[in-house]
Amino acid sequence: MNYYTDKIKEISKKILSDGKVDTVFGFRKGSLGYMSEPFMAKTAQAADKLVFDCNCRMNLVNYVTNRTGKIGIVVKGCDSRNLVTHIVENKIKRDQLYIIGVPCTGLADKDALLEAAEGEIDSVEDDGETVTVKGEGFEKKLSKKDILQSNCRTCIKRNPVIYDELVGEEVPELEIENRFEDVEKVETMSSDERWDFFNDLLSECTRCYACRNACPLCYCPTCFVDESRPQWVGKGDNETDVMTYHYLRAFHDAGRCTDCGACEAACPMGIKMRYFTRKTIKDCVEKYGFETGMNLEQRPALDQYKVNDPDEFIK
Amino acid sequence: MKMISIKKSDWADAMKKVQESYALAGPVKDKGGHTFRELEKEEVPDLDYKETKMSPKEVVMPKTEVMFTYTLDTKKEGHHILEEVPFDKTPRAAVGIRPYDAKAIEILKKNFDTEDYKDPYFLNKYENLTLVGLAENNPLKVNFSTSCGTGPFDESCLDIILAESGDEYIGKVLTEKGEKFAAAAGFAEGDSGIESKIEELKKAAESKIKSSVSFDKIKKMTVLDLYEAPFWEEVGFACINCGTCTYACPTCWCFDIQDEAKGAEGVRTRNWDTCMSEVYSVHTTGHDPRHEDWQRTRNRFMHKLKYYLDKYEDGIMCVGCGRCVNQCPVNIDIRKVCQQMNDYEPSK
């Protein structure tokens, strides 16, 4: 998706020079070949540093929460759904935003890149179908579909649902055979098996809260884990406290998560906490026919009541 | 100084032997790579590793450490009185620790062992610990340890240094603690050529490090000049204020003390803390001097690269291991920030 870079620069320079926005939130090239860094361009000159590629793993909607002023923002399909959620939840106003939409062909899984490389990575290039990884003494062309982040494999909206300008032609949406195969695997486990599975999943969590802090939904002024009066959760490495954090966070995100994958991409320990949020997505889809953030008119799933809402799971 | 050598094929036996008198910590393969942790009996430190995500800091400063226990049950003797947790006096050794990670333990010591206060929790562990280092022949690209006053072959903070050489590990015994460990492991005395061989490997390894930081000019700037520098908001923009860098860092020493009770029985624990979090600096009044995200990012770099530098006059609070660079979810790079600080020219 490197080819979007020029267009993003062009649009950003234009809206910054015209005074349409005060700043543009995008990405700049990282210091590591497989990373891109969230970046705020305040001038047309600074906008020259903007890039876009398969290493742009953070969700920039996370950075607009409660901001004032006019902001240009680069969003993929999933991010755009988070923008919708943000607007519906009054975290930002639509007229504060100039939305630069990216028709997305998916992000590269960081670990998959590191594994595929035959040494340390100096650069990663992304033409939408092929990802070229280079380092000292090696150059490897990888088919993008083989190294996609797992959320990009089950993506239901690669094209932005809301935008002021698109940086390229819309891309075809994916045809997914079974979107929730991973969740179903967990659902079929016995409760003991599931307990062990979740324990193992979270065994390396250090409570750094990178998943929470990378998440655009986690904007509470004080997160429940940080409350001290009363203190709901212990702060140490007790496994019940660790689990409480992850489960409650998933519940708080129910009906709001777009599966952008920023949480897993941010986790330094490689924890797959999307098992939890994806269960809430599946339930919303199956029980309420609800997909998050598809348009500005739709109220959040847990913000509305219908007399015929399914209730067989309430015992 | 005694030279030692041990065949790789004899390594496991030597470690099992040494475990008769030492408890070991070391690198072992876990899911998702190597980790440095306390080992079970019969577990062998795996010296065939590149890096450990978490540093060996845990050996002297556990993530969560019980300091006291207490009971609120008035029927029990000593209720409402904090009971010290007895210290385990078994000699311990961190085997396979990287030389610059050992240097980091010395940096931690500056905080926990001062004239005014000697922290028993840290010092008990520290004094009881033998550091058996493994030099790094092929440092990663993010490694900039040589510019932080240490390096892949730094002997200054180790009791024994080992280096991989073909089918064996060669090394030097550097201290008395090291001698005891070498005897307990039954390391064979090596020939006199080992010293020059290690010197050769050291030169080769150091020459592979291309990455560096400079902080010579930071020292000359005033704290306020740097604090008020215009670049902090940009540096901190991407930062999501998670604790990844502080927890991965071998020199970040901040902690938080918590009482946790179940029924009438409780413990007082000490946990790693992170200055990236708002709860770290918020006052009981509700005022937070570092309320903005970027102010917390600024604080971490100012502490590591300026306050520490001024206070201890012994370089920066960083050993150049590169863990934070590799693990930061948004790719904030301490090398770039240090450069930016060092290059800054305050307007007069």
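Residues numbered from 1 in each chain as written. Chains lettered and ligands numbered in written order. Predicted model: local features only at pLDDT ≥ 70, side-chain atom pairs only at ≥ 80, totals over all residues. Heavy atoms only, no water.

1. As for the overall build of chain B
And step 1. Helix and strand content of chain B: 13 helices and 12 strands.
And step 2. Its C-alpha atoms give chain B a radius of gyration of 22 Å, near enough to 20 Å, the size a compact globule of 348 residues would have.
And step 3. Dimensions along the principal axes, computed over C-alpha positions, put chain B at roughly 65 × 60 × 40 Å.
And step 4. Out of the 348 residues belonging to chain B, those deemed buried represent 55%. (Helix = DSSP H or I, 4+ residues; strand = E, 2+ residues; numbered from the N terminus. Rg over C-alpha atoms; globule rule 2.2 N^0.38 Å. Buried < 20%, exposed > 50% of the residue type's maximum accessible area, 1.4 Å probe, protein only.)

2. What to know about the interface of chain B and chain A
And step 1. The interface is formed by 36 residues belonging to chain B together with 42 residues belonging to chain A.
And step 2. In this assembly, chain B packs against chain A so that about 3200 Å² is buried in total across both faces, 50% of it on carbon and sulfur atoms.
And step 3. Contact with chain A buries area across many residues of chain B, yet Lys 31, Lys 141 and Phe 237 of chain B alone supply 22% of it, more than any other trio.
And step 4. Put simply, Lys 141 of chain B and Glu 136 of chain A hold a salt bridge, and the shortest N to O gap is 3.5 Å.
And step 5. At the boundary of chain B with chain A, the tally comes to 18 residue pairs in polar contact (both at pLDDT 80 or more).
And step 6. Residue assignment for the side of chain B that touches chain A shows that the elements contributing at least two residues are helix H8 (232–237), helix H9 (244–248), strand E11 (255–262), helix H12 (323–327) and helix H13 (334–343) of chain B.
And step 7. By residue class, the composition of the side of chain B that touches chain A is 15 nonpolar, nine polar and 12 charged. (Contact = heavy atoms within 4.5 Å. Buried area = accessible area lost by both parts, 1.4 Å probe. Salt bridge = Lys/Arg side-chain N within 4 Å of Asp/Glu carboxyl O. Polar contact = N/O pair within 3.5 Å; in protein donor to acceptor, adjacent residues only side chain to side chain. Nonpolar A, V, L, I, M, F, W, Y, C, P; charged D, E, K, R; others polar.)

3. A closer look at the packing of helix H2 (residues 99–112) of chain B against helix H3 (residues 120–127) of chain B
In a packed pair of helices, the relevant descriptors are the angle between the two axes and the axis-to-axis distance.
Residues and elements named next belong to chain B.
And step 1. Between H2 and H3, whose axes approach to 10 Å, the crossing angle comes to 145°. H2 and H3 meet at a crossing whose hand is left-handed. On H3, the residues that touch Ile 105, Glu 106, Leu 108, Lys 109 and Phe 112 of H2 are Phe 122, Leu 123 and Tyr 126.
And step 2. The residue inventory of the contact of H2 with H3, partitioned by class, reads six nonpolar, no polar and two charged. (Axes fitted to C-alpha atoms, helices over the stretch in contact; angles between N-to-C directions. Left-handed = near helix turned anticlockwise from the far one by under 90°.)

4. Details of the sheet that holds strand E5 (residues 83–84) of chain B
All names here are of chain B.
And step 1. The four strands lie next to each other as E5-E4-E12-E11, forming an open sheet whose pairing is antiparallel. If you trace the sheet from one side to the other, it starts and ends with E5 and E11, each paired once.
And step 2. Two strands pair when backbone bridges link them, and strand E4 (residues 64–71) and E5 are joined in this way by two bridges, in the antiparallel orientation. Within E5, the residue paired with Phe 68 across the bridge is Glu 84.
And step 3. Packing against the sheet, H3 makes contact with E4 and strand E12 (265–272), and its axis sits at approximately 125° to E4. (Pairing = 2+ DSSP bridges.)

5. Considering unusual backbone geometry
Residues and elements named next belong to chain A.
And step 1. Of note, the amide linkage connecting Arg 229 to Pro 230 takes the cis form, showing an omega dihedral of -5°.
And step 2. Tracing the backbone shows Pro 230 in the loop between helix H7 (210–214) and helix H8 (239–252).
And step 3. You will see that Tyr 209, though not glycine, has its phi angle at about 65°, which is positive.
And step 4. Here Tyr 209 is to be found in the loop between helix H6 (191–201) and H7.
And step 5. Residues other than glycine seldom take positive phi values, yet Asp 259 does so here, at roughly 60°.
And step 6. Looking at the element boundaries, Asp 259 is found in the loop between H8 and helix H9 (262–266).
And step 7. Judged by its relative accessible area of 9%, Asp 259 falls in the buried class.

6. Structural notes on the nonpolar core
And step 1. Core analysis: the biggest nonpolar cluster contains 164 residues, and Ile 73 and Leu 113 of chain A together with Met 341 of chain B have the highest contact counts within it.
And step 2. Ranked by the residues each element gives to this core, the list is headed by H2 of chain B, at seven residues.
And step 3. Residues from two domains meet in this core; each of domain 1 (2–208) and domain 2 (216–343) of chain B gives at least three.
And step 4. Ile 73 of chain A has contacts with Phe 25, Leu 60, Val 61, Val 64, Leu 83, Leu 97, Tyr 98, Ile 99 and Ile 100 of chain A, leaving out every residue within four places of it along the chain.
And step 5. Counting 25 residues, the second largest nonpolar core, distinct from the first, contains Ala 14, Leu 24, Leu 47 and Val 173 of chain B. (Core = buried A, V, L, I, M, F, W, Y, C linked by side-chain atoms within 4.5 Å. Domains from an automatic or database assignment.)

7. Digging into the sheet that holds strand E6 (residues 121–126) of chain A
Across a sheet, strands are paired by hydrogen bonds formed along the backbone, either parallel or antiparallel in direction.
Residue and element names in this part refer to chain A.
And step 1. Read across the sheet, three strands follow the order E6-E7-E8 without closing on themselves; strand pairing throughout is antiparallel. Sheet topology places E6 and strand E8 (138–143) at the edges, where each strand pairs with a single neighbour. Between one strand axis and the next, the sheet turns through 20° on average, direction left out of account.
And step 2. Relative to strand E7 (residues 130–135), E6 is paired through five bridges, and the arrangement is antiparallel. If you follow Ser 123 over to E7, its bridge partner there is Lys 134.

8. A look at the side chain of Thr 280 of chain A
Residues and elements named next belong to chain A.
And step 1. Topologically, Thr 280 is positioned in helix H10 (residues 274–288).
And step 2. Of the residues examined, Thr 280 reaches a relative accessible area of 9% and is grouped as buried.
And step 3. Among the polar contacts listed, one links the side chain of Thr 280 to the backbone oxygen of Thr 277, at a separation of 2.5 Å.
And step 4. Apart from residues lying up to four places away in sequence, Thr 280 is in contact with Ala 250 and Ala 254.

9. Focus on the domain arrangement of chain B
Residues and elements named next belong to chain B.
And step 1. Taken domain by domain, chain B comprises domain 1 (2–208) and domain 2 (216–343).
And step 2. For domain 1 and domain 2, the distance between their C-alpha centres works out to 25 Å.
And step 3. Listed by partner, the interface residues are 43 residues for domain 1 and 39 residues for domain 2.
And step 4. Carbon and sulfur atoms supply 57% of the area that domain 1 and domain 2 bury against each other, a total of about 3500 Å² over both sides.
And step 5. On inspection of domain 1 and its partner domain 2, the count reaches five salt bridges.

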